[in-house]
Amino acid sequence: MNRLVYIILVIIATSLMGSSFAVGKIGLANISPLLLVGIRFTLAGGLMALWVWNKNLPSTLLDWTRLFVIGMFQTTGVMACIFLSMRTIPSGETSILTFTNPLLVVILGGLFLHLKYRFYQWIGVVIGIIGVFVTLGFHLQLSEGTWLGIGSALSWAIATLLVKKWGTRFSTWVVTAYQMLFGGLLLLLLSLTLETPHLELNAISIRAVLYLALLGSIVQFATWYYLLSKGDPGKTSAFLFLAPFFGILSGWLLLGEVIQSYVYIGGLFIFLGIFLVNWTGGKKHIALK
């Protein structure tokens, strides 16, 4: 892929991921957490499923099961853990834990997909994680919410590797549509069992849901899965360190949140980490079996 196109697509995907936190916070004023994400992904997945219904859909039950499993990890697992985590710890801490998933991608990719990374790439991942901690203010506490935040990162990492392993069996649009639809339906079921559903329909809640469903889900996931299908999952996932940075910027623009000086320092760590993970230094040493 052309380098400039790759960078543009990365910025689009990660900025939509980051801005979804601020927009989601706006939506939470009128909709209960699991119901919000359930509506978001069921609507997004349903719209896309209508569009791709005659475009090379899976022909076997096993392939449909693969899509269901991807949705269970990428949408249900990640979003349920994130919103349940934020019941007991601040959203910033949840973001820190969620976006440490590139390290888990590298670890799990080495164990299960035989992906190999150089030492400086591991150092880049660690530096990127430090950058996320600095950007979000060094705040972390051990609680149930902490483990749920780690669960969101683990679920995302597993989904990333599953998309890399199975994604070539489907078109990007089919994967995007049905993993969101299956994951969204599971989230609606969790909403009925784990919370008291609450919904207020007004201009604010409708705009929030439409933004999250159309831009924050359809455009974001389609772009992200396309990037994963064209490159190494560990390297591509390193760019997820940009998401909390964009999250803070969108919080400043949409919610009037103050950007502290340590955010800029954290940003430098993030960009250094991304550079190290993506720098090949010559001949590639990556083997995928």
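The notes below deal with the structure included here. Because the structure is predicted, anything quoted here is derived from the model rather than measured. (Residues numbered from 1 in each chain as written. Predicted model: local features only at pLDDT ≥ 70, side-chain atom pairs only at ≥ 80, totals over all residues. Heavy atoms only, no water.)

**Things to note about the packing of aromatic side chains**
- Applying the stated criterion to the full structure yields 7 aromatic pairs.
- Measuring from centroid to centroid gives 5.2 Å for tryptophan 51 and tryptophan 173, while their planes differ by 85°, and the two rings are edge-to-face. In this pair, tryptophan 51 is assigned in helix α2 (residues 33-51) and tryptophan 173 in helix α8 (residues 172-194), connecting sequence segments 122 residues apart.
- According to the relative accessible area criterion, tryptophan 51 is partly exposed, its value standing at 46%.
- An aromatic cluster of at least three residues, connected via ring pairs, comprises Trp64, Phe68, Tyr178 and Phe182. (Phe/Tyr/Trp six-rings, centres within 6.5 Å; stacked < 30°, edge-to-face > 60°. Helix = DSSP H or I, 4+ residues; strand = E, 2+ residues; numbered from the N terminus. Buried < 20%, exposed > 50% of the residue type's maximum accessible area, 1.4 Å probe, protein only.)

**A word on the packing of α2 against helix α9 (residues 203-230)**
- Contact pair α2 / α9: the axes reach a minimum separation of 9 Å and the direction vectors enclose 55°. Regarding the angle of α2 to α9, the classification is oblique. Considering the relative orientation of α2 and α9, their crossing is right-handed. Packed against α2, whose contacting residues are Leu36, Ile39, Arg40, Phe41, Leu43, Ala44, Leu47 and Met48, the element α9 presents Val209, Leu210, Leu212, Ala213, Leu214, Gly216, Ser217, Ile218, Gln220 and Phe221 at the interface.
- Here the contact of α2 with α9 is built from residues that sort into 14 nonpolar, 3 polar and 1 charged. (Axes fitted to C-alpha atoms, helices over the stretch in contact; angles between N-to-C directions. Parallel < 35°, antiparallel > 145°, perpendicular 65-115°, else oblique. Left-handed = near helix turned anticlockwise from the far one by under 90°. Contact = heavy atoms within 4.5 Å. Nonpolar A, V, L, I, M, F, W, Y, C, P; charged D, E, K, R; others polar.)

**Quick word on the environment of isoleucine 206**
- Tracing the backbone shows isoleucine 206 in helix α9.
- Classification of isoleucine 206 by relative accessible area gives partly exposed; the value is 44%.
- On a C-alpha basis, the gap between isoleucine 206 and asparagine 30 in space is 9.7 Å, while along the polypeptide they are 176 residues apart.

**Notes on the side chain of threonine 42**
- For threonine 42, the location among the structural elements is in helix α2.
- Within the local environment of threonine 42, its side chain forms a polar contact with the backbone oxygen of glycine 184, the two atoms lying 3.2 Å apart. (Polar contact = N/O pair within 3.5 Å; in protein donor to acceptor, adjacent residues only side chain to side chain.)

**Side note on helix α11 (residues 242-255)**
- Over its 14 residues, α11 runs 19 Å from end to end, which matches the ideal 20 Å to within 8%, given 1.5 Å per residue.
- What α11 keeps buried is the set Leu242, Ala243, Pro244, Phe245, Gly247, Ile248, Ser250 and Gly251. (Expected span 1.5 Å × (residues − 1).)

**Considerations on the environment of leucine 212**
- Checked against the element boundaries, leucine 212 lands in helix α9.
- For leucine 212, a relative accessible area of 1% gives the class buried.
- Sequence separation between leucine 212 and leucine 84 is 128 residues; the distance between their C-alpha atoms is 18 Å.
- When neighbours within four sequence positions are excluded, leucine 212 is seen to be in contact with Ser20, Val23, Gly24, Leu36, Arg40 and Ser217.

**Quick notes on the nonpolar core**
- In terms of nonpolar packing, the biggest core is built from 67 residues, with Tyr178, Trp224 and Tyr225 touching the most fellow members.
- It is helix α3 (residues 61-85) that contributes the most residues to this core, 9 residues altogether.
- Residues in contact with tryptophan 224, not counting those within four places in the same chain, are Ala13, Met17, Trp156, Thr236, Ser237 and Leu240.
- Grouped together as the second largest cluster of nonpolar side chains are 7 residues, Ile31, Leu35, Leu36 and Leu212 included. (Core = buried A, V, L, I, M, F, W, Y, C linked by side-chain atoms within 4.5 Å.)

**Describing the packing of helix α1 (residues 3-27) against α11**
- It is at 7 Å that the axes of α1 and α11 come closest, and there the two elements cross at 50°. The orientation of α1 with respect to α11, classified from their angle, is oblique. α11 is crossed by α1, and the crossing has right-handed handedness. Residues Val10, Ile11, Thr14, Ser15, Met17, Gly18, Ser19, Ala22, Val23, Lys25 and Ile26 of α1 pack against Leu242, Ala243, Phe246, Gly247, Ser250, Gly251, Leu254 and Leu255 of α11.
- Considered class by class, the residues forming the contact of α1 with α11 number 11 nonpolar, 7 polar and 1 charged.

**Brief notes about the side chain of glutamine 220**
- Considering the arrangement of structural elements, one finds glutamine 220 in helix α9.
- Judged by relative accessible area, glutamine 220 falls into the buried class, the value being 5%.
- Those residues in contact with glutamine 220 that sit more than four places away from it in its chain are Ala13, Leu16, Met17, Ser20, Arg40 and Leu215.

**Here we look at the pattern of salt bridges**
- If you walk through the whole model with that rule in mind, you get 2 salt bridges.
- As a salt-bridge pair, aspartate 63 and arginine 66 come within 2.5 Å of each other at their nearest N and O atoms. Of this pair, aspartate 63 and arginine 66 are both found in helix α3, 3 residues apart, which corresponds to roughly one turn of the helix.
- For aspartate 63, a relative accessible area of 8% corresponds to the buried category.
- For arginine 169, the salt bridge goes to aspartate 63, with nearest N and O atoms at 2.9 Å. In this pair, arginine 169 is assigned in the loop between α7 (144-166) and α8 and aspartate 63 in helix α3, connecting sequence segments 106 residues apart.
- According to the relative accessible area criterion, arginine 169 is partly exposed, its value standing at 47%. (Salt bridge = Lys/Arg side-chain N within 4 Å of Asp/Glu carboxyl O.)

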